[in-house]
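Each chain is listed here by its residues.
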Amino acid sequence: MTDKELRHLSRKDLLEMMIEQEKENIRLREALAEAEEKLKNRDIKFRKAGSLAEASLMLNGVFEAAEAAAKQYYENAKKPIEKEDVELIDSGWYIDPAGFHDGIVPVHYYGKIYNPNIEYLADSPTVTAKLQDADGTVITENKETGLYIMPDDTIALMGTLEVEVKDVSENTQILISAECGEITKLEDAEYPMTIDFPADDPEKKEGRKPTISGKVYNRTDMDMEQLEVILILRKEEQIVYLDKTFVKAIKSKRSKVYKFTRNTEWPEHDEMEVVVRP
């Protein structure tokens, strides 16, 4: 299969190919082990052989099978694993009317990027938000970039798109996309993963200044200067509110409280989510 054909395969198809290749490797390892076992027991084979010539031919067959199995196994092992592009697995945006000023309204956007590679680190993951008109002309855009995404990990990024009200019509739309810089082999260096910083389910408290708070945990062996915490409120699966805050100076194996505060009630919602990134 050519590189071009591989690039058009879905992630599911690639995964199935990897599974089939692993099954083939297992079969070859078993064949190699079986051949080695036959070599160990070649005296038994000699006794069964009717003559020295027959025994020699039998032994040659065992060697050939072992050599073929070993060759195929090592060829498969040397094949490089194809690099896959990062995927935007969740996104949305929210117009913040409280931030309106001088004919400009802020549009907060969010994207969660997944790195499907199992051996490669994705450098400089970026979420881009664009306001464009009906013919595809980009009116304005904004980008938010992170440091990296570990293999089989995610990163959540939030940014703000400054939109002039005069540029908005029923034909304009906001598009969110994701990309990354280089996808490089992960060598000996280990970096924190998103799963290393779990957060409690957010707890909402009403009052003169309503709050949403919880704890975030640092499960790594490193002290972290700060963690970014993003709050997402949804109603019927649509984002109705976005905000972010920072938890600073969180030591290894410790937790700290994150808190979001508003001067007015929270927008009506049926789901709260908190995502954390280093």
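Structure: above.
First, a word on what this report is: a plain description of the structure on this page. (Residues numbered from 1 in each chain as written. Predicted model: local features only at pLDDT ≥ 70, side-chain atom pairs only at ≥ 80, totals over all residues. Heavy atoms only, no water.)

### Brief notes about a negative patch on the surface
A cluster of acidic residues, E236, E237, D270 and E271, forms a negative patch at the surface. Structurally, E271 can be placed in strand β15 (residues 271–277). (Patch = residues over 30% accessible without salt bridge, like charges linked within 9 Å, V, L, I, M, F, W, Y side chains within 5 Å. Areas by Shrake-Rupley, 256 points an atom, 1.4 Å probe, with all protein chains shown as cover. Salt bridge = Lys/Arg side-chain N within 4 Å of Asp/Glu carboxyl O. Lys, Arg positive; Asp, Glu negative; His and termini not counted. Charge placed at Lys NZ, Arg CZ, Asp CG, Glu CD. Helix = DSSP H or I, 4+ residues; strand = E, 2+ residues; numbered from the N terminus.)

### Considering the packing of aromatic side chains
Per the stated rule, a full pass over the model turns up three aromatic pairs. On the basis of an interplanar angle of 80° and a centroid distance of 5.5 Å, the ring pair of Y241 and W266 is categorised as edge-to-face. Placement of Y241 in strand β13 (residues 238–250) and of W266 in the loop between β14 (255–261) and β15 is noted, with a sequence separation of 25 residues between them. You'll find Y241 and W266 in the same group, each marked buried. In this structure, K185 packs its charged tip against the face of Y120, placed 5.7 Å from the ring centre. (Phe/Tyr/Trp six-rings, centres within 6.5 Å; stacked < 30°, edge-to-face > 60°. Buried < 20%, exposed > 50% of the residue type's maximum accessible area, 1.4 Å probe, protein only. Lys NZ or Arg CZ within 6 Å of the ring centre and 35° of its normal.)

### A look at the side chain of T220
Within the secondary structure, T220 is located in the loop between β11 (211–217) and β12 (224–235). At 3.1 Å, the side chain of T220 and the backbone oxygen of M222 are in polar contact. In this view, T220 contacts P192, D196, F197, S252 and K253; residues no more than four positions away in its chain are not counted. (Polar contact = N/O pair within 3.5 Å; in protein donor to acceptor, adjacent residues only side chain to side chain. Contact = heavy atoms within 4.5 Å.)

### A word on the side chain of R262
Inspection of the secondary structure assignment puts R262 in the loop between β14 and β15. Of the buried charged residues, R262 lacks a salt bridge, with D96 as the closest side chain of opposite charge at 5.8 Å. Among the polar contacts made by the side chain of R262, one reaches the side chain of T264 at a distance of 2.8 Å. Of note is the side chain of R262, whose polar atom sits 3.1 Å from the backbone oxygen of E265. Excluding residues that lie within four positions of it along the chain, R262 makes contacts with Y94, K209, P210, Y241 and P267.

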